[in-house]
Amino acid sequence: SWSNFIRIFNGYEGPFGLVWGTKPKRDLAAQALAGVMLRRRRVKVLPDLPVKLYRDMPVEIGAKTRKLCDEALAELTGGKTGNIVSAIESSIGNRQDKIKFEKLSEAKKALATAKIPHALLTVENFEEANEPVIVFTDHRSVTEIFGKREGWKIIDGGVPANKRTAIVEDFQEGKLKGLALTIGAGGIGLTLTRAHHALFVDLRWTPEDNAQAEDRLCRIGQDRGVVITHMVADHDLDRHINSVLKKKQILIQATLEREDA
């Protein structure tokens, strides 16, 4: 029930709506979910699928983007840099911190844009090695840059479903060098097993969306394994955004799995 959900996650009514506690009763949540949900983990259902390998790619950013990120951090923390992760977490989806979140989103988009030159160089290396590659991003403006490259196509919110199918078929048949996709539009329902490498310019706020995007490559038909590369800018804001997403993923995992399982 809704009241039980609030109790398990230590929610309470604040001046601008519900506020969630920092230490949810994870085992109780897992027990409640077990009564209504059958969970099938990929490692048990499809044990032959190759594992995903992860790596971070550090990226230098320019002074203009750095200044914008500095301003966003100052807005989030009130000038106090003691716990940036907590400041980012509290701004996500919190109506009372709407201005802070908008500033954070603006900086996040600027970070993605600043990574484009490095992403293009990385893609060129893949092309020279005749290695197909998938580029994922949370921002449509990034995909549009890659869509201008010879031998590339994009899938974002503006591409209708029938065209997406044709684009995927072209890629799988070896007619394209690479694809650039927004995580929202290309993260589900597609099979991109021809690619061994996925380059994430940036990530969505929902960890499961990012994981679903990774699984476009790591599914039945993949016979070489998958390397997931995350581009991380040399600024505390980008590093801490990734920390927030990792914490969210750990919470999701802990909520779904009982401690005594």
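The structure we're discussing is the one just above.
All values reported here derive from a predicted model rather than from experimental measurement.

Caption draft 1: Looking closely at the overall build of the protein chain. Along the protein chain, the regular secondary structure elements total 12 helices and eight strands. Relative to its full complement of 261 residues, the protein chain shows a buried share of 43%. Taking all contacts inside the protein chain whose residues are at least 6 apart in sequence as the whole, residues at least 24 apart take part in 72%. Roughly 14300 Å² of accessible area belongs to the protein chain as shown, and the carbon and sulfur atoms make up 53% of that amount.

Caption draft 2: Representation of helix α4 (residues 63-77). With 15 residues, α4 should cover 21 Å at 1.5 Å per step; its first-to-last C-alpha distance of 21 Å lies within 8% of that length. Trailing α4 by a residue or two, G78 shows a phi angle of about 65°, which is positive.

Caption draft 3: Representation of the sheet that holds strand β5 (residues 152-155) in the model. Taking strand neighbours across the sheet as the criterion, the six strands line up as β3-β8-β7-β4-β6-β5 in an open arrangement whose pairing is parallel. Each having just a single partner strand, β3 (52-59) and β5 make up the two edges of the open sheet. In this sheet, adjacent strand axes meet at a mean angle of 20° when their direction is disregarded. Of the pairings in the sheet, the one linking β3 to strand β8 (residues 226-233) comprises eight bridges and is parallel in character. Note on β8: the bridge partner recorded for M57 is M231. Docked against the sheet, helix α7 (residues 116-128) engages β3, β4 (133-137), β5, β7 (197-200) and β8, running at close to 130° with respect to β3. Strand contacts of helix α8 (residues 140-147): β4, β5 and β6 (178-182), with the helix running at about 160° to β5, the strand carrying the most contacts.

Caption draft 4: Layout of unusual backbone geometry. Positive phi, normally seen in glycine, also occurs at N10, with a value near 55°. Relative to the assigned elements, N10 resides in the loop between α1 (2-8) and β1 (12-14). Classification of N10 as partly exposed rests on a relative accessible area of 25%. Phi at N130 is positive, roughly 60°, even though this residue is not glycine. Inspection of the secondary structure assignment puts N130 in the loop between α7 and β4. According to the relative accessible area criterion, N130 is exposed, its value standing at 68%.

Caption draft 5: Expanded view of the packing of aromatic side chains. Tallying each qualifying case throughout the model produces four aromatic pairs. An angle of 35° between the planes, with centres 5.6 Å apart, marks the rings of F146 and W152 as tilted. Aromatic rings pair up to connect W2, F5 and F9 into one cluster. Lying over the aromatic face of W205, K108 brings its terminal NZ or CZ to 5.6 Å of the ring centre. Directly above the aromatic system of F171 lies the positively charged group of R194, at a separation of 4.9 Å from the ring centroid.

Caption draft 6: The arrangement of the environment of E127 in detail. Position of E127 relative to the elements: it lies in helix α7. Separated by 24 residues in sequence, E127 and G151 have C-alpha atoms that sit 9.8 Å apart. In this structure, E127 is in contact with R149, W152 and K177, ignoring residues within four places of it in sequence.

Caption draft 7: Spatial organisation of empty space enclosed by the protein. Per the stated rule, a full pass over the model turns up one cavity of 30 Å³ or more. The space that makes up the largest cavity amounts to roughly 90 Å³. Residue lining of the largest cavity: 13 residues in total, with K115, D202, L203, D238 and N242 positioned closest to the centre. For the lining of the largest cavity, the secondary structure elements donating two or more residues are α6 (98-114), β8 and α12 (236-256). Broken down by element, the residue count for the lining of the largest cavity peaks at four residues, all from α12.

Caption draft 8: Quick look at the pattern of salt bridges. Per the counting criterion, the structure on display carries 17 salt bridges. Put simply, D238 and K115 hold a salt bridge, and the shortest N to O gap is 2.8 Å. Linking D238 in helix α12 with K115 in the loop between α6 and α7, this pair joins segments that are 123 residues apart in sequence. Given a relative accessible area of 7%, D238 falls into the buried group. One continuous salt-bridge network, built from bridges that share partners, spans K108, D138, D202, R204 and D209.

Caption draft 9: Representation of the nonpolar core within the structure. Among the nonpolar cores identified, the biggest contains 38 residues, and I134, F136, L179, L181, L192, F200 and L237 are the most heavily contacted of them. Ranked by residue count, the leading element in this core is α4, at five residues. Setting aside its immediate chain neighbours within four residues, L179 contacts V133, I134, V135, W152, K153, I167, F171 and L192. Counting 18 residues, the second-largest nonpolar core is a separate cluster that includes A112, L120, V142 and L199.

Conventions we followed
- Residues numbered from 1 in each chain as written.
- Predicted model: local features only at pLDDT ≥ 70, side-chain atom pairs only at ≥ 80, totals over all residues.
- Heavy atoms only, no water.
- Helix = DSSP H or I, 4+ residues; strand = E, 2+ residues; numbered from the N terminus.
- Buried < 20%, exposed > 50% of the residue type's maximum accessible area, 1.4 Å probe, protein only.
- Contact = heavy atoms within 4.5 Å.
- Areas by Shrake-Rupley, 256 points an atom, 1.4 Å probe, with all protein chains shown as cover.
- Expected span 1.5 Å × (residues − 1).
- Pairing = 2+ DSSP bridges.
- Axes fitted to C-alpha atoms, helices over the stretch in contact; angles between N-to-C directions.
- Phe/Tyr/Trp six-rings, centres within 6.5 Å; stacked < 30°, edge-to-face > 60°.
- Lys NZ or Arg CZ within 6 Å of the ring centre and 35° of its normal.
- 1 Å grid on protein atoms, 1.4 Å probe; cavity = no way out; pocket = protein on both sides within 12 Å on 5 of 7 lines; lining within 4 Å.
- Points joined across faces, edges and corners; volume = space filled by probe spheres on them.
- Salt bridge = Lys/Arg side-chain N within 4 Å of Asp/Glu carboxyl O.
- Core = buried A, V, L, I, M, F, W, Y, C linked by side-chain atoms within 4.5 Å.

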